[in-house]
Each structure stands twice: as structure tokens, then as C-alpha cells.
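A structural walkthrough
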Amino acid sequence: MSASDPKLISGNSNRPLAQAIARRMSLHRGMSVGLVEARVERFNDAEIFVEVYENVRGEDMFIIQSTSNPANDNLMELLIMADALRRSSASRITAVIPYFGYARQDRRTKARTPITAKLVANMLVGAGIERILTLDLHATQIQGFFDIPVDNLYAAPIFALDILHHFKGQMEDIMVISPDVGGVARARELAKRINAPLSIVDKRREKPGEIAEMTVIGDVTGKKCIIVDDICDTAGTLCKAAEVLMEHGAKEVHSYITHGVLSGPAIERVSQSVMKSLVVTDSIEATEATRSAPNIRIVPTAPMFAQAILNTWSGTSVSSLFQDETLAPIYEGMYSRN
């Protein structure tokens, strides 16, 4: 355990989440935990400037910053904040990155293309960050891009609590759906937690962003289907998968997506789709359009992140948060455990 209390600092990418994490840590510790006072702003030429107003010498610092849209600005904020803290003699700097941008560029898909996720990993380590805490990396092997500890939390335990709460008495009708073959492991993990069967929607792309055809592997007739994925960007694939499932006899379609990128026409597509609900976490700050969409619901990650930060600070297990018996009490006020 560090000699001093953990200290939180936030960039501009998702301040509501950072404030919610601070509130939850205050609740867990029985004492006030606030965000370190700092200014993160831009000069007239859009250069980013950071000034930390509090003494952080010898402190265990946690920077809370998603690298979501605008990804480059938010990534630079994170790097510059880390540099400011390192030069101010912080004892340890942990980057809490609820949404890890550039994670989809994790391998070379064609000749003469970059592996940008590895480049970002190098930049984070070079800036002085000594530990990463993130949520549902697009590809878990990205952990291997770092030579520092990476704790990858999962949304599946939270989604399991939410599903058991909202579909109480209907669980025999539930079927978990993977929207592609690559996401089967993630969908299977959730299916196992809620004791539900699993099906797959197999898609073939002609080029990025365009789906040529979709087929359903498994019988979804009369089922309430729950599509599980890590990222929803333009929602084209998701809405098309929902239509295909309904055509194959599904009773209802719901979606549980960790990171609601929701760019371009996504909100409009989801609002007009056959999906009854889309559930996302608050890893990316929701826009006004997202909050006002009738069939989009947001579940909080702050309780889990707050406990993970406290466990990291105190040197106790972070993986214990993957267990229902550990996570359920943290979310007790939101989901009944009966």
C-alpha cells in the first residue's frame, strides 16, 4: 500500500465519469476523495497546456481519461498530464483509460499499414505511465503491447447483473448473440454468467463499414435475443443483425455494448431500428442525443473503477472484481440481488 492516499486527476474526455469515480471512492473509504485541481486547456493555436495546482510529490496518481472522440486531442491530454505529473515527482502514475482508442488497429490487415495500438502503447510508456487500467480492450492481446502491468476490466459482470435484474422471470427465453465469429468468447462469457444459450450472427464484409450478407447460426425462434459486443460505432452492423434475428423468428432483440462510440448516423439508426433497447456503459461521455434517445440506456462503471483503483492502490486483487460475489455488493443499490 502506498504511504499516501490515492489521488485522482482528470482530463476533459469524460469528467462526469471521473467525478462519479471520486464520489464512489469517497463512499468506499468513508472520507472525501476529490479530483486534483488542474487546468487542461488549449492555446489559440490548439496546443494543449496542463498545469497541476496541487503538490503531487510522492503521490500515487491515477489519471482518468478515455481516448475517445476527438481521439488525438484526448490522447495528447493524457500524455501531457502524465509528463506534468512525472516532472512533479509523483511516485507512481496509473492511466485509467475506460475506452482505449486506436484499439481496433491492433494488427496489420494489409500491406503498408500501421499497428497503431502498439504505437500508442509505446507513447503511454514513454510519457511515464507505469500502469494501465482499462475496460474491455477490443483485442485482449493488446495487453502484450505493453511492458508495464495492464489490468483489463470486463463489462460482462455488470451486464449480467443488469440482465438478471431487468429480465427477472424471463430468463428461460433469453439467448445471447455474438454479432460475429470474432466475438464468440465475449458472448460465451456473458452466456455462462446468466446460464443462457448462445447463437452467432455470421457476417461477411466486402469492405469496411459495408456488410455483404448475414446468417444466423443457431435457432432463435421465440427467443429474447441479447447481442453482446465491445464497440458500437455507426451501428450499421448492430441494426442489421437485429433485423436478421427478427426475420429468423426472434421475439425481441436487445443489445449490450461496452463502448458506445455512436458516431455519425448511429443514434438515428438505433432509434429507428427493431431493437427494443441498447445498453451501453459510460466509458465514453454520452452526448445529449444519446441521453435523449428513447431506446438507449446507460449503465455506470464508476463503482467498478473506484474499487479497482482502491485495490490497485492497496495492492489487493483486481481480478476479484470479475466475480459476482465481489461485484454484486458494489452495485447493490442499483440491482436487487434476490
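On a predicted model such as this, the values are computed, not experimentally measured, just so you know. (Residues numbered from 1 in each chain as written. Predicted model: local features only at pLDDT ≥ 70, side-chain atom pairs only at ≥ 80, totals over all residues. Heavy atoms only, no water.)

**Observations concerning the sheet that holds strand β4 (residues 60-64)**
The five strands lie next to each other as β1-β4-β5-β6-β7, forming an open sheet whose pairing is parallel. For this open sheet the edge positions go to β1 (6-10) and β7 (150-153), each flanked by a neighbour on one side alone. Averaged over all neighbouring strand pairs, the angle between strand axes comes to 20°, with direction disregarded. Here strand β5 (residues 92-97) runs beside strand β6 (residues 131-135); their pairing, made up of four bridges, is parallel. (Pairing = 2+ DSSP bridges. Helix = DSSP H or I, 4+ residues; strand = E, 2+ residues; numbered from the N terminus. Axes fitted to C-alpha atoms, helices over the stretch in contact; angles between N-to-C directions.)

**Here's the deal with the pattern of salt bridges**
When their charged atoms lie close together, side chains carrying opposite charge are able to pair. What the rule picks out here adds up to 21 salt bridges. In this structure, Arg107 and Asp106 form a salt bridge, with 3.0 Å as the shortest nitrogen-oxygen distance. Residue Lys251 is joined to Asp173 by a salt bridge in which the shortest nitrogen-to-oxygen separation is 3.8 Å. Here Lys251, found in the loop between α6 (236-247) and β12 (252-260), pairs with Asp173, found in the loop between α4 (156-166) and β8 (174-178); they are 78 residues apart in sequence, far enough to count as distant. Residue Lys251 is classed as partly exposed on the basis of its relative accessible area, which comes to 45%. Linked by salt bridges that have partners in common, Lys7, Glu54 and Glu59 make up one network. (Salt bridge = Lys/Arg side-chain N within 4 Å of Asp/Glu carboxyl O. Buried < 20%, exposed > 50% of the residue type's maximum accessible area, 1.4 Å probe, protein only.)

**A closer look at the packing of α4 against helix α5 (residues 184-194)**
In the contact formed by α4 and α5, the axes pass within 9 Å of each other and the chain directions differ by 45°. The angle between α4 and α5 places the two elements in the oblique class. Like other packed secondary-structure pairs, α4 and α5 cross with a definite hand, here right-handed. From α4, Ala156, Pro157, Phe159, Ala160, Ile163 and Leu164 reach across to α5, where they touch Glu189, Leu190, Arg193 and Ile194. (Parallel < 35°, antiparallel > 145°, perpendicular 65-115°, else oblique. Left-handed = near helix turned anticlockwise from the far one by under 90°. Contact = heavy atoms within 4.5 Å.)

**Things to note about α6**
The periodicity of an α-helix, 3.6 residues per turn, causes residues three or four positions apart to be oriented the same way. For α6, with twelve residues, the first-to-last C-alpha span of 17 Å sits near the 16 Å given by 1.5 Å per residue. If you check which residues of α6 are buried, you get Thr237, Leu238, Cys239, Ala241, Ala242, Val244 and Leu245. Count one or two residues on from α6 and you reach Gly249, which has phi positive near 100°. (Expected span 1.5 Å × (residues − 1).)

**Thoughts on the pairing of β7**
Along a regular strand, successive side chains alternate from one face of the sheet to the other. On β7, burial covers both faces: Val150 and Asn152 on one face and Asp151 and Leu153 on the other are all buried. Two strands pair when backbone bridges link them, and β6 and β7 are joined in this way by four bridges, in the parallel orientation. From the neighbouring strand, Thr134 faces β7, where its bridge partner is Asn152.

**Things to note about the nonpolar core**
Of all hydrophobic cores here, the largest spans 51 residues; its most connected members are Leu8, Ile21 and Leu153. Looking at this core element by element, the count peaks at eight residues for helix α9 (residues 302-314). Those residues in contact with Leu153, other than ones at most four positions away along the chain, are Leu133, Thr134, Leu135, Asp136, Met304, Phe305, Ala308, Val318, Leu321 and Phe322. Membership of the second largest hydrophobic core comes to 35 residues, among which are Ala103, Ile132, Leu137 and Ile142. (Core = buried A, V, L, I, M, F, W, Y, C linked by side-chain atoms within 4.5 Å.)

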